[in-house]
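Letter by letter, the chains look like this.
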Amino acid sequence: MLNIIKQEILSKLEKLDFSSNKDIEVICLTQMNFSISLLNWLNGQLQYPQFYLHYRDKEKSCVAIGHHRVFSDIKEAADFCQNKDLPLVGGRQFTGENMFFLPRLLLEQNAQDLEIKLFVNLANSKQEEMAQIHYILQNFTVITKTQPLPFIVCELSSKANEKIWCNWVEQAKQAINEGQFSKVVLANTNSFKTNTPLNPYDFLLESEHYNQHCYHFLLAKDNTHFFLGSTPERLFLRQGNILFSEALAGTAFVSEKEDETQKQAIWLLNDEKNCYENQLVVENIKQSLQDVVQTFNVSERQIKRLRKVQHLQRSIHCELAENKGDAICLQKIHPTAAVAGIPKSAAIAFIEHIEGSARGWYSGTLGVMTKSQSEFCVAIRCANICGDVIQVFAGAGIVESSIPAHEWQEIERKALGLVSLLEMKKEKICQ
């Protein structure tokens, strides 16, 4: 079937008028009642950058390869999207660096229907553009088979052990008592070595299977470094001028015993510390959006249950003011108090001092931007993969009543969401 689709794309391409005044032409095909694993397809492609997003709680995923244009300015990206009515994929790092791109090829899987969009640059000569498109499509019909995952042979490094982490938490609590901020989110990083190179596509497929009710994402600028993860948290969904966001903060364990898990959920719904932490996120989002929304509504607390942990979640529903869109929402909301702290600037300064290195895409946001609708997730429960090394991130929100040992248990549990997908044959630091 993919071979037939490819031939139809090339046939439509031959008929395009390269002498027109148009900049970008979109060749769009929809194959009804046809579905493929987009990760298995992406595994067979040779072009970069690559982007993948499996939407949370939807039978919907998309994958993009190659690029026509890359944007580092968020307003320029959003204006291009609105004016040209073309989709952009990418996101914004923790400290605000942006990377959005108009892909060469975009595949969207909706339930049983596959939609393919090829973006053709009519500003190029027909000969030049045909050559580039043949390069993009050279492996279009390739779908790889999922292979067994390697196992972890050792831990290479850890930014903080339990003692260092607890010291970080104590420093944060002292800063809170001094009035520097009311909440800060600290994160630890652990690096592990596998016995053979870890295939990022197979790894994310495994995570999709086990870590349900999450967004699953992958971003790669080239074939050496991959950023991927399975996050439960939405930054926002915009449908026209309606904005949906959420406060996902406050954590309890998920046990192998259902009755213990239920007891943890009841405790979480009523625990003063966790409810306060969640409320801070709500107030932060409300304050951030106060001059760009006309209405702001918040649901009651509920439980968001995952494989290893469960969270307090409150849904947020807003009506955007006139002429307020994705750029201003990304600038205002991100990073939320769920990944940074309150106030934002003081918390980020403390994070940079304590953690000692840039987070990059961890606790950033990734998503898809279109004229009518955009959706972004918060890039947590994630990892960097480079060959046989996987670097895993996990964070916890620190408030005045935080107990350092409990926060350590929380980040260890969160990291297991990904680490536990790889069998650990040895538990020691590599020499």
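Residues numbered from 1 in each chain as written. Predicted model: local features only at pLDDT ≥ 70, side-chain atom pairs only at ≥ 80, totals over all residues. Heavy atoms only, no water.

All right, on to the overall build of the protein chain then. Along the backbone of the protein chain there are eleven helices and 22 strands. Whereas a compact globule of 431 residues would reach a radius of gyration of roughly 22 Å, the protein chain reaches 22 Å, a difference of no more than 12%. Along the three orthogonal principal directions, the C-alpha set of the protein chain runs to about 70 × 55 × 40 Å. Evaluated residue by residue, the protein chain yields a buried proportion of 55% over its 431 residues. (Helix = DSSP H or I, 4+ residues; strand = E, 2+ residues; numbered from the N terminus. Rg over C-alpha atoms; globule rule 2.2 N^0.38 Å. Buried < 20%, exposed > 50% of the residue type's maximum accessible area, 1.4 Å probe, protein only.)

Across eight bridges, strand β1 (residues 24-31) lies against strand β8 (residues 113-121) in antiparallel orientation. Bridge pairing links Glu25 to Val120 in β8. Strand direction decides the pairing type here: strand β7 (residues 105-110) and β8, joined by six bridges, are antiparallel. The partner of Leu107 across the bridge, within β8, is Ile116. The loop that links β7 with its antiparallel partner β8 comprises two residues; one of these, Ala111, has a positive phi angle of about 50 degrees. (Pairing = 2+ DSSP bridges.)

Now for the packing of helix α5 (residues 162-177) against helix α10 (residues 344-355). Where α5 contacts α10, the axes come no closer than 11 Å and their chain directions differ by 150 degrees. With respect to each other, α5 and α10 are oriented roughly antiparallel. In the crossing of α5 with α10, the sense of the turn from one axis to the other is right-handed. Facing α5, whose interface residues are Trp168, Gln171, Ala172 and Ala175, α10 presents Phe350, Ile354 and Glu355. Of the residues contributing to the contact of α5 with α10, the split by class is five nonpolar, one polar and one charged. (Axes fitted to C-alpha atoms, helices over the stretch in contact; angles between N-to-C directions. Parallel < 35°, antiparallel > 145°, perpendicular 65-115°, else oblique. Left-handed = near helix turned anticlockwise from the far one by under 90°. Contact = heavy atoms within 4.5 Å. Nonpolar A, V, L, I, M, F, W, Y, C, P; charged D, E, K, R; others polar.)

With that settled, consider the packing of helix α3 (residues 74-84) against helix α9 (residues 326-333). At a closest axis distance of 8 Å, the pairing of α3 and α9 adopts a crossing angle of 150 degrees. It follows that α3 is roughly antiparallel to α9 by the angle criterion. Of the residues in α9, those in contact with Ile74, Lys75 and Ala78 of α3 are Ala327, Leu330 and Gln331. Partitioning the contact of α3 with α9 into residue classes produces four nonpolar, one polar and one charged.

Okay, unusual backbone geometry next. Put simply, Tyr48 and Pro49 share a cis peptide bond, and its omega is 5 degrees. The omega torsion across Ile342 and Pro343 is -10 degrees, close enough to zero to call that bond cis. Looking at where Pro343 falls in the secondary structure, it is placed in the loop between β18 (341-342) and α10. Unlike most non-glycine residues, Ser363 shows phi in positive territory, near 65 degrees. Locating Ser363 in the fold gives a position in the loop between α10 and β19 (365-369). Not every positive phi belongs to a glycine, and Arg381 is a case in point at roughly 50 degrees. Here Arg381 is to be found in the loop between β20 (373-378) and β21 (382-386). With relative accessibility at 13%, the residue Arg381 sits in the buried group.

What follows covers the side chain of Gln93. Tracing the sequence through the fold places Gln93 in the loop between β5 (88-92) and β6 (98-102). When residues no more than four places from it in sequence are discounted, the contact partners of Gln93 are His334, Gly360, Trp361 and Gly364.

Now for the environment of Phe140. Within the secondary structure, Phe140 sits in the loop between α4 (126-136) and β9 (152-158). Placed 134 residues apart in sequence, Phe140 and Lys6 show a C-alpha to C-alpha distance of 7.1 Å. Those residues in contact with Phe140 that sit more than four places away from it in its chain are Leu2, Ile5, Lys6, Ile9, Trp41, Gln45, Leu105, Leu107 and Ile116.

Let us now look at the nonpolar core. Membership of the largest hydrophobic core comes to 72 residues, with the highest contact counts inside it found for Trp41, Leu105, Leu107, Phe140 and Leu186. With near-sequence residues (within four places) excluded, Trp41 lies in contact with Leu2, Ile36, Val63, Ile65, Leu105, Leu107, Asn139, Phe140, Val142 and Ile143. (Core = buried A, V, L, I, M, F, W, Y, C linked by side-chain atoms within 4.5 Å.)

Once that is clear, we can look at the packing of aromatic side chains. Taken as a whole, this structure holds nine aromatic pairs when the rule is applied. Here the aromatic rings of Phe100 and Phe376 are separated by 6.1 Å at their centres, their planes lie at 80 degrees, and the arrangement is edge-to-face. Highlighted residues: Phe100 in strand β6 and Phe376 in strand β20, separated in sequence by 276 residues. Phe100 gets classed as buried once you look at its relative accessible area, which sits at 0%. On the basis of an interplanar angle of 75 degrees and a centroid distance of 5.7 Å, the ring pair of Tyr201 and Phe226 is categorised as edge-to-face. Of this pair, Tyr201 sits in helix α6 (residues 200-210) while Phe226 sits in strand β12 (residues 226-231), and the two are 25 residues apart along the sequence. (Phe/Tyr/Trp six-rings, centres within 6.5 Å; stacked < 30°, edge-to-face > 60°.)

With that settled, consider the environment of Glu423. As for its placement among the helices and strands, Glu423 is situated in the segment after α11 (404-419). In this view, Glu423 contacts Phe151 and Ile152; residues no more than four positions away in its chain are not counted.

Just distances and angles here, no functional claims.
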